[in-house]
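Tertiary structure, described
If you want the building blocks of each chain, they are given just below.
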Amino acid sequence: MKTIHAAITGVHGWVPQDVITNDDLSKMVDTNDEWITSRTGIKQRHILKDPTKATSDMAAEAVKGLLKKTKTNPADIELIIVATITPDMMFPSCAALTATKVGAVNAFAFDLNSACSGFLFGLETAAKFIESGTYKKVILVGADKMTSLTDYTNRNTCILFGDAAAAVLLEPNTEGNGVIDSVLHVDSTNWEYLCLKAGGSLKPATHETVDAGEHFIYQDGQPVFKIAVNSMANTAREVLERNSLTGKDVNFLIPHQANKRIIDATGHYLGLKPEQICVNIENYGNTTAATIPLCMWDFEHAFKKGDNIILAAFGGGYSWGALYLKWAL
Ligand code: UT7
């Protein structure tokens, strides 16, 4: 019997129309375009302005576009996983709300919370449902409304984040294309460097937590920067070595888009040329779980069937890893 791999058979993204540019931010906090561009590579971020819309609305738009593009009947979808740290509410899950909004009446659905590594962890998880032979059509969405956690008086973080969603369809493939291998990790020793301090069971919302701004994302950038580079590069190298590949065999690296300098350093460590590295951080900023599928959507025109693609991410938890897939389209 031939091995079943979970292949990506469609990718589609959705971003809100409104944008905040670096110049817009320089009117809100003490910053400027030169600092933001040189330190992060970001020029603008898309923001979901409509106060009645949430992450599931963006996820649903991405999934609707994906279903149309792949000519898939929503009733044929068996599972929807939404990787997110900004669900519409604590429960019901963003995935359940998304499934109903797209008419996936026969699907079960759940959220997966692993911050910026969410899409990577989700892809490994979704792949197992396909590889087991039990499921034939699984959708994985990376979606985050990061502006809902952003303090627009804090220049350390407000320049970084944006809102977006992007989704992939996974189906069985017996030609050897799809998800091949991954190396994934968590270590919460230093979780406090990157977290949301309040609003969970440790520190439920109170007037004090709101006054202290503890419902906004907190990040101590420098220590996170250093470990992000090492972790993404080391796990990417490990997954290459395990599959007897070198940087020369890699067609594309799709890295989490947190900082252009982290992306460049990871690519350099792996010996990749700039044209092998997918980068779109300048247009969207850091959209957390959405960065990798959004980048895949932006660059899919360049991918060919059988291409070796490495995904790599680092985020809150800490959580990090790399995944090797062979492009199937
Ligand atoms: O996605 C999840 C994982 N997250 C990451 O991978 C992010 C990792 N960290 C980073 O990307 C970077 O650390 C940041 C982009 C967040 C910050 O860049 P940095 O080069 O580490 O800057 P810094 O925090 O060391 O700050 C350098 C200086 C400081 O001034 P002094 O103390 O040297 O006078 C900051 O106060 O830049 C100042 N600064 C700013 N200046 C203008 C910090 N933010 C800004 C700003 N505009 N927005």
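Higher on the page you've got the structure.
An account of the accompanying structure is given in this report.

Cut-offs applied
Residues numbered from 1 in each chain as written. Predicted model: local features only at pLDDT ≥ 70, side-chain atom pairs only at ≥ 80, totals over all residues. Heavy atoms only, no water. Helix = DSSP H or I, 4+ residues; strand = E, 2+ residues; numbered from the N terminus. Expected span 1.5 Å × (residues − 1). Buried < 20%, exposed > 50% of the residue type's maximum accessible area, 1.4 Å probe, protein only. Pairing = 2+ DSSP bridges. Axes fitted to C-alpha atoms, helices over the stretch in contact; angles between N-to-C directions. Contact = heavy atoms within 4.5 Å. Near = heavy atom within 4 Å. Polar contact = N/O pair within 3.5 Å; in protein donor to acceptor, adjacent residues only side chain to side chain. Nonpolar A, V, L, I, M, F, W, Y, C, P; charged D, E, K, R; others polar. 1 Å grid on protein atoms, 1.4 Å probe; cavity = no way out; pocket = protein on both sides within 12 Å on 5 of 7 lines; lining within 4 Å. Points joined across faces, edges and corners; volume = space filled by probe spheres on them. Salt bridge = Lys/Arg side-chain N within 4 Å of Asp/Glu carboxyl O.

A look at helix α5 (residues 118-131)
- An ideal rise of 1.5 Å per residue puts 20 Å on 14 residues; α5 measures up with 20 Å between its terminal C-alpha atoms.
- Within α5, ten of the 14 residues are buried, which leaves it mostly tucked inside the rest of the structure.
- All buried positions along α5 are accounted for by G118, F119, L120, F121, G122, L123, E124, A126, A127 and I130.
- Downstream of α5 by a residue or two, G133 has a phi angle that is positive, lying close to 85 degrees.

Some points on the sheet that holds strand β4 (residues 79-83)
- Pairing in this open sheet of five strands is mixed, and the strands run β1-β7-β6-β4-β5 from one edge to the other. Unpaired on one side and paired on the other, β1 (5-14) and β5 (108-112) mark the two borders of the sheet. Between one strand axis and the next, the sheet turns by 20 degrees as a mean value, whatever way the strands run.
- Set on the sheet, helix α11 (residues 291-299) makes contact with β1, β6 (138-145) and β7 (163-173); between it and β1 the angle comes to about 85 degrees.

Let's talk about the site of the ligand
- Around the ligand, 23 residues are found, and the nearest of them are T31, R155, Q222, N259 and N286.
- One of the side-chain N or O atoms of W35 is found 3.3 Å from an oxygen atom in the ligand.
- R39 places a polar side-chain atom, nitrogen or oxygen, 2.9 Å from an oxygen atom of the ligand.
- Only α2 (33-40), α6 (155-158), α8 (221-242) and α9 (260-269) provide two or more residues apiece to the shell around the ligand.
- Looking at the shell around the ligand, the element that brings in the most residues is α8, giving five residues.
- Residue composition of the shell around the ligand, by class: ten nonpolar, nine polar and four charged.

As for empty space enclosed by the protein
- By the definition in use, this model includes one cavity of 30 Å³ or more.
- Approximately 30 Å³ is the volume attributed to the largest cavity.
- If you list the elements that add at least two residues to the lining of the largest cavity, you get β1, β8 (178-186) and β13 (319-326).
- In terms of residues, the lining of the largest cavity owes the most to one element, β1, which gives three residues.

What to know about the sheet that holds β8
- The strand order across the open sheet formed by four strands is β8-β13-β12-β11, and the pairing between neighbours is mixed. Edge strands, defined here as strands with exactly one partner in the open sheet, are β8 and β11 (252-255). Taking the axes of each pair of neighbouring strands and ignoring which way they run, one obtains an average angle of 15 degrees across the sheet.

Looking at the pairing of β11
- Of the two faces of β11, the one lined by F252 and I254 and the one lined by L253 and P255 are each fully buried.
- Here four bridges tie β11 to strand β12 (residues 308-315), and the two strands are oriented parallel to one another. Its bridge partner lying in β12, L253 is registered against I310.

Points about the pattern of salt bridges
- The final tally for this structure, using the stated rule, is twelve salt bridges.
- Measuring nitrogen to oxygen at the nearest pair gives 3.6 Å for the salt bridge that ties D30 to R155. Of this pair, D30 sits in the loop between α1 (22-26) and α2 while R155 is found in helix α6, placing the two residues 125 residues apart along the sequence.
- For R155, a relative accessible area of 46% translates into the label partly exposed.
- In this structure, E175 and K305 form a salt bridge, with 3.2 Å as the shortest nitrogen-oxygen distance. Residue E175 is located in the loop between β7 and β8, and its partner K305 is located in the loop between α11 and β12; the two are separated by 130 residues in the primary sequence.
- For K305, a relative accessible area of 51% corresponds to the exposed category.
- Taken together, the salt bridges that share partners define one network made up of E124, K128 and E131.

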